[in-house]
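Structure assessment
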Protein chains: 2
Amino acid sequence: MDDLKNKSLEAHKSFKGKLEINSKVSLENIDDMSIFYTPGVAEPCKEIFEDESKSYDYTSRGNLIAVVTDGSAVLGLGNIGALAGMPVMEGKCALFKKFADVDAFPIALNTQDTEEIIATIKNIADSFGGINLEDISAPKCFEIEKRLIDELSIPVFHDDQHGTAIVCLAGLINSLKIVGKEKERVRVVINGAGAAGIAICKLMLEYGFKNISLLDSKGMIFEGREGLNDYKKEISHKTNLEKKEGELGDAVMDADIFIGVSAPNVLTADMVRSMSADPIIFAMANPDPEIMPEDAKEAGAAIIATGRSDFPNQINNVLVFPGIFKGALSARVPKITTQMKINAAKALASTVSSPRPEKIIPDVFDPSVADVIANSVKE
Amino acid sequence: MDDLKNKSLEAHKSFKGKLEINSKVSLENIDDMSIFYTPGVAEPCKEIFEDESKSYDYTSRGNLIAVVTDGSAVLGLGNIGALAGMPVMEGKCALFKKFADVDAFPIALNTQDTEEIIATIKNIADSFGGINLEDISAPKCFEIEKRLIDELSIPVFHDDQHGTAIVCLAGLINSLKIVGKEKERVRVVINGAGAAGIAICKLMLEYGFKNISLLDSKGMIFEGREGLNDYKKEISHKTNLEKKEGELGDAVMDADIFIGVSAPNVLTADMVRSMSADPIIFAMANPDPEIMPEDAKEAGAAIIATGRSDFPNQINNVLVFPGIFKGALSARVPKITTQMKINAAKALASTVSSPRPEKIIPDVFDPSVADVIANSVKE
């Protein structure tokens, strides 16, 4: 790991960051300048002034998104601030280009105030065809995303929520096929009620899962529990309908599916043994999962997924965000709807022709995935 | 001209804008991903968290500027809004890359309010190594630039002011050599007291010109004239010390230098004839100058410059802005000072080895200029 740390520092330093901005047009002589700069450039300006939608014809925004962060929840590093989060944002932008040929530009916000974040993004949104919110902490990420979706006419997508939720749902669709269970009848436990946990829960409910319990650091969430924020309160009306109280050990007993977006090693082998037959374990804490795959397997898990590239079944957002935005940009949709997210999950699941326990989702380098997702969004 | 209009529209449409964002690093396999994305990317993040200045080592900001507009004064088109101004901003960014290998990204602001503009730029400034303000109307451009220079620790430069002023001063330096006059003794008339006119005047005063008169749409500016905004008032203390009143015809009589940043055809041949011997005429209104070069020449002008590429001596900002930022970024200066601007003007003038009336400044495609300017800034 020390070796990787040094390699990463050296590589970042030698390239001086990961992005560059290039001209798509030639500017070699006076004729080029007359066409792409003065005086010719006045013409596309006038056309856009007459009809704002023409900005998609005459500028780069039609294939351009912003990756915006306030740095309040960067990777597992926490609130390190936006400037320190920029290597992640640049990496994300590089992945957008690689996997979907979408141009993406990172914006580090010098504020962590909800209203200032919203105002700033609204003031620069015309430069882009879409906004990817990144590494903004819960619960403010919910308010920021909701407001921007309502107030802007371009797609806004908080990847930590929905990217994770879509890949997770895709993995579950194939997992259920393998173990022969139905979404309406399985019992699901989601450990972690931050941005990802709540988004996974919501998307699963929309897709048709009926029995989900969510846990935060204080244990099982139930309707009427004291101190719930608005977002947990909303979820409490639709989950844990028996209003059970308790810790993770209580929650997972007889459950069919465990989804962890929480902390290392919180799921014990005994807990897995207490689950129903053929349990499905998505242990996505990074870099150390809620239970190590070998331990889960020994305890009887039928299917195991993690967030890591060195185990099978990596639940990685990169399977989704490039294609989602590619589709949203090319269809020029004003919003990314729940139906689009479900379509994307189904499409992603369908790219694995014969799901098996060690292969419920495609490899992150599968070059066909982004287009499959993009097409599903357009439908 | 209709032909050029159509060519420009078609070319902009076929390329779908002029910019793209590329990854400088390879992301072909799990090893690449581990270095440039998770988990390796956490290392540069932590380093920047410990020491913010390391953002220049580990992210792209060290070679990256924002070209920011509110679209309130775009080319000669006026207040068409930032979105409609984006083809100009993208063109400018493409020129930064071509002439100085500086990465530049265009930001269209969805506000024209001074305080909101300042707040928004401050909130995104950490993403960049410098800010090029563009096509923001006077007088608010002065306040915006001043505040941002004071409140940010990266260089902020309003090109419409200072780029123009620097190229203009370079041209004047060589013009004075040709006609054998001294900056301390010549009488100068600047027609136009917007962003460019005021900046030209200020830089000329700093450089050592002593006798300058400035005119706005109401005629000559003099100390105590009613209705002057703060910026014209400030200038009125240092110019037109005789407090002459009058129109352009009154002002240019016996003047040595006319600088026009105003409107087409306002300088007549008779006015040129009324100037002192060997008059220098910079008629920079675009696309139609204050006087056509052939008319000025016939009336006795010794040297004529315009803003146009189809006449000799094109006063074009592109001679300056790429190199200024290249130098400012590579020396990582927090501000672009008056001395740097004067150095840049002198350096630009020096690139013409034997100035003559038809060649007072270099061609815009001269590949050596940007580095000469960049080096002058570093000194």
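For the structure given in this document, a descriptive report is provided here. Keep in mind the model is a prediction, meaning the values are calculated, not measured. (Residues numbered from 1 in each chain as written. Chains lettered and ligands numbered in written order. Predicted model: local features only at pLDDT ≥ 70, side-chain atom pairs only at ≥ 80, totals over all residues. Heavy atoms only, no water.)

**Side note on helix 8 (residues 159-179) of chain A**
Residues and elements named next belong to chain A. Its 21 residues place the ends of helix 8 29 Å apart at the C-alpha level, agreeing with the 30 Å of an ideal helix rising 1.5 Å per residue. Of all the 21 residues making up helix 8, 19 are buried; the element is thus mostly covered by neighbouring parts of the structure. At the C-terminal side of helix 8, Gly180 shows a positive phi close to 70 degrees. (Helix = DSSP H or I, 4+ residues; strand = E, 2+ residues; numbered from the N terminus. Expected span 1.5 Å × (residues − 1). Buried < 20%, exposed > 50% of the residue type's maximum accessible area, 1.4 Å probe, protein only.)

**Things to note about the nonpolar core**
Counting residues in each nonpolar core, the largest one holds 238 residues, and the members touching the most others are Phe209 and Ile259 of chain A together with Phe209 and Ile259 of chain B. If we ignore the near neighbours within four places in the chain, the residues touching Phe209 of chain A are Leu169, Leu172, Leu176, Lys183, Val186, Val188, Met204 and Ile257 of chain A. (Core = buried A, V, L, I, M, F, W, Y, C linked by side-chain atoms within 4.5 Å. Contact = heavy atoms within 4.5 Å.)

**Description of unusual backbone geometry**
Residue Pro39 of chain A is bonded to the preceding Thr38 of chain A through a cis peptide linkage, with omega at 0 degrees. In this chain, Asn286 of chain A is followed by Pro287 of chain A through a cis amide linkage whose omega measures -5 degrees. For Pro287 of chain A, the location among the structural elements is in the loop between strand 10 (280-283) and helix 13 (293-298). A positive phi angle, close to 55 degrees, is found at Asp101 of chain A, a residue other than glycine. With respect to the helices, strands and loops of the structure, Asp101 of chain A is situated in the loop between helix 5 (82-100) and strand 3 (103-108). With relative accessibility at 47%, the residue Asp101 of chain A sits in the partly exposed group. Here the phi dihedral of Arg332 of chain B falls at roughly 50 degrees; this positive angle occurs in a residue that is not glycine. Structurally, Arg332 of chain B can be placed in the loop between helix 14 (321-330) and helix 15 (338-350). Since its relative accessible area comes to 41%, Arg332 of chain B is described here as partly exposed.

**Considerations on the interface of chain A and chain B**
Facing 89 residues of chain A, the contacting portion of chain B comprises 89 residues. For the chain A face of the interface with chain B, the top three residues by lost area are Ile21, Leu83 and Asn123 of chain A, together amounting to 9%. Put simply, Lys98 of chain A and Glu28 of chain B hold a salt bridge, and the shortest N to O gap is 3.3 Å. Taken together, the connections running from chain A to chain B amount to 30 residue pairs in polar contact (both at pLDDT 80 or more). Of all elements in the fold, only helix 1 (2-15), strand 1 (19-23), helix 2 (30-36), helix 3 (42-50), helix 4 (55-58), helix 5, strand 3 and helix 6 (114-124) of chain A reach the threshold of two or more residues within the side of chain A that touches chain B. With 13 residues, helix 5 of chain A is the single largest residue contributor to the side of chain A that touches chain B. Among the residues forming the side of chain A that touches chain B, the class breakdown is 45 nonpolar, 21 polar and 23 charged. Relative to strand 1 (residues 19-23) of chain B, strand 1 of chain A runs antiparallel, the two sharing five bridges. Bridge pairing links Ser23 of chain A to Leu19 of chain B in strand 1 of chain B. (Buried area = accessible area lost by both parts, 1.4 Å probe. Salt bridge = Lys/Arg side-chain N within 4 Å of Asp/Glu carboxyl O. Polar contact = N/O pair within 3.5 Å; in protein donor to acceptor, adjacent residues only side chain to side chain. Nonpolar A, V, L, I, M, F, W, Y, C, P; charged D, E, K, R; others polar. Pairing = 2+ DSSP bridges.)

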